[in-house]
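In case you want the letters, here they are:
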Amino acid sequence: MRYGITEGSWKLILPSRKKPAELYELSTDRAESNNLAASHPEKVASLTAKMNALIVNGRSTPGAPQANDTGYWKDLSWMRPEDFQSVSQQ
């Protein structure tokens, strides 16, 4: 399973155990054929942080955080368990 997040015209597909991160600028690459992850590490880091916050806060909609009661799960291959704990305690 792979997870993704979009922001504006950017789309990040997070890495899995077998595949690296993929970053696309959809306004110029609707076919997602030009992976920009290596040339835009700051955008990869920013979108990864946003995805991590969504997971830990238990929601992607406006409103009060809803604690993610599942804890860390192994599909979060881009995030170490200790990183999950440090984000969830903020």
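Our subject is the structure listed above.
Note that the coordinates shown come from a computational prediction; the quantities given were computed from them, not determined experimentally.

A. Quick peek at the pattern of salt bridges. Evaluated as defined, the whole model comprises four salt bridges. The salt bridge partner of Arg 2 is Glu 22, with a shortest N-O separation of 2.8 Å. Here Glu 22 lies in strand S3 (residues 22-25) and Arg 2 lies in the segment before strand S1 (4-7), a separation of 20 residues in the sequence. Taking the relative accessible area as the measure of exposure, Glu 22 reaches 18% and is therefore buried. Between Lys 50 and Glu 7 there is a salt bridge, with the nearest N and O atoms lying 2.2 Å from each other. Taken together, the residues Lys 50 in helix H1 (residues 41-57) and Glu 7 in strand S1 connect sequence positions 43 residues apart. One network of salt bridges, in which partners are shared, links Glu 7, Lys 43 and Lys 50.

Rules behind the numbers
- Residues numbered from 1 in each chain as written.
- Predicted model: local features only at pLDDT ≥ 70, side-chain atom pairs only at ≥ 80, totals over all residues.
- Heavy atoms only, no water.
- Salt bridge = Lys/Arg side-chain N within 4 Å of Asp/Glu carboxyl O.
- Helix = DSSP H or I, 4+ residues; strand = E, 2+ residues; numbered from the N terminus.
- Buried < 20%, exposed > 50% of the residue type's maximum accessible area, 1.4 Å probe, protein only.

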